[in-house]
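Residue-level structural notes
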Amino acid sequence: MNKGGVTKDGIRIYEPGDFAGMNKAGRLAAQILDDVADFVVPGATTEALDQFIQEQVELAGATSATIGYKGYQHASCISVNHVVCHGIPGPKVLKDGDILNIDVTVIVDGWFGDTSRMYVAGSLPRKAERLIQVTHDALMKGIEAARPGNTFGDIGHAIQVYAESNRMSVVRDFCGHGLGRVFHAPPNVLHYGRPGTGAVLEEGMFFTIEPMINLGRPETKVLADDWTAVTRDKSLSAQFEHSIGITAQGCEVFTLSPAGKFHPTYS
């Protein structure tokens with residue numbers, strides 16, 4: 001093990017004491033996503049949800065990692081229905097049955113906590129419910145594969161096989177990433193792949209797993225705002241994201257929901 005160093009693939013290996021910092025940052029991000037849940041209702045606007053999130057970040061004495069990032073001006077990305085990721089909060093009014101991913105990254109004492117999850121405004125359509133469940137479970141399959149001695153290809157393969165066995169597709173244009181005292185770092189964490197390929201997982205690696213799963217085809221396109229990614233075939237898309245750290249026995253999830261609200265049907 002290469003504690004405190006960098007692997008040949010450029011992946012930082014963090015010290016055991018660094019897990020505490022990541023837990024603190026991850027917990028705050030997860031707490032904010034818990035707290036916004038009650039406001040995801042038909043008639044709400046995505047900019048109002050983002051404003052609430054920004055206020056919660058400030059109340060906690062933390063910093064939003066996304067405000068000012070490459071010119072982005074919001075404390076969250078909110079991606080509704082066929083938006084895959086990086087949806088920009090705005091005046092859009094949520095309708096009954098809309099599904100949305102809210103993605104938040106905070107900085108606490110220099111550590112980055114990054115997580116996203118799905119929500120529904122009002123009643124959850126059956127088709128969307130199945131997509132959300134498969135996406136959630138695909139993330140969990142990836143997390144199960146995240147242990148020392150496995151590879152990043154093993155994580156991607158676990159996600160891909162599960163999603164495709166449910167006749168859904170894995171978005172290939174976006175991926176997870178390393179993080180810690182920086183927002184984005186090596187490695188790129190693909191959500192598809194072949195077993196035994198890619199870098200070998202080592203204790204002390206910190207990264208996100210954040211599969212985006214589509215009901216239709218996997219292709220995406222980025223809109224003219226240079227942020228919003230949508231499905232090319234306008235099919236529904238869903239995403240869940242956790243930040244994790246590799247431990248001697250497996251992995252530790254830094255962004256667990258304090259209130260058990262990670263899945264939108266928690267109530």
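Structure: see above.
Below is a summary of the structure that appears in this document. Just so it is clear, the structure is predicted and the values come from calculations on it, not from any experiment. (Residues numbered from 1 in each chain as written. Predicted model: local features only at pLDDT ≥ 70, side-chain atom pairs only at ≥ 80, totals over all residues. Heavy atoms only, no water.)

1. Here's the deal with the packing of aromatic side chains
For any pair of aromatic rings, geometry is given as the distance between the ring centres together with the angle between the planes. Counting across every chain of the model gives eleven aromatic pairs. Plain terms: the ring middles of Phe-19 and Phe-206 are 4.9 Å apart, the flat faces sit at 90 degrees to each other, and that makes the pair edge-to-face. Here the residue Phe-19 occupies a position in helix H1 (residues 18-36), and Phe-206 occupies one in strand E9 (residues 206-209), the gap between them amounting to 187 residues. When sorted by exposure, Phe-19 lands in the same class as Phe-206, which is buried. Measuring from centroid to centroid gives 5.7 Å for Phe-19 and Phe-254, while their planes differ by 65 degrees, and the two rings are edge-to-face. In this pair, Phe-19 sits in helix H1 while Phe-254 sits in the segment after strand E15 (251-253), placing the two residues 235 residues apart along the sequence. The buried category is assigned to Phe-254, whose relative accessible area is 3%. Through successive ring pairs, a cluster of aromatic residues spans Tyr-14, Phe-19, Trp-111, Phe-206 and Phe-254. In this arrangement the basic side chain of Arg-12 is found over the ring face of Tyr-14, its NZ or CZ atom lying 4.4 Å from the centre. (Phe/Tyr/Trp six-rings, centres within 6.5 Å; stacked < 30°, edge-to-face > 60°. Helix = DSSP H or I, 4+ residues; strand = E, 2+ residues; numbered from the N terminus. Buried < 20%, exposed > 50% of the residue type's maximum accessible area, 1.4 Å probe, protein only. Lys NZ or Arg CZ within 6 Å of the ring centre and 35° of its normal.)

2. Topic: the packing of helix H3 (residues 126-144) against helix H4 (residues 152-165)
Running from N to C, H3 and H4 cross one another at 150 degrees; their axes reach a closest spacing of 8 Å. Viewed along their axes, H3 and H4 adopt a mutual orientation that is roughly antiparallel. For the pair H3 and H4, the sense of crossing is right-handed. Between H3 and H4, the contacting residues are Val-134, Asp-137, Ala-138, Lys-141 and Gly-142 on the first element and Ile-155, Ala-158, Ile-159, Tyr-162 and Ala-163 on the second. Along the lines of polarity and charge, the residues of the contact of H3 with H4 split into seven nonpolar, one polar and two charged. (Axes fitted to C-alpha atoms, helices over the stretch in contact; angles between N-to-C directions. Parallel < 35°, antiparallel > 145°, perpendicular 65-115°, else oblique. Left-handed = near helix turned anticlockwise from the far one by under 90°. Contact = heavy atoms within 4.5 Å. Nonpolar A, V, L, I, M, F, W, Y, C, P; charged D, E, K, R; others polar.)

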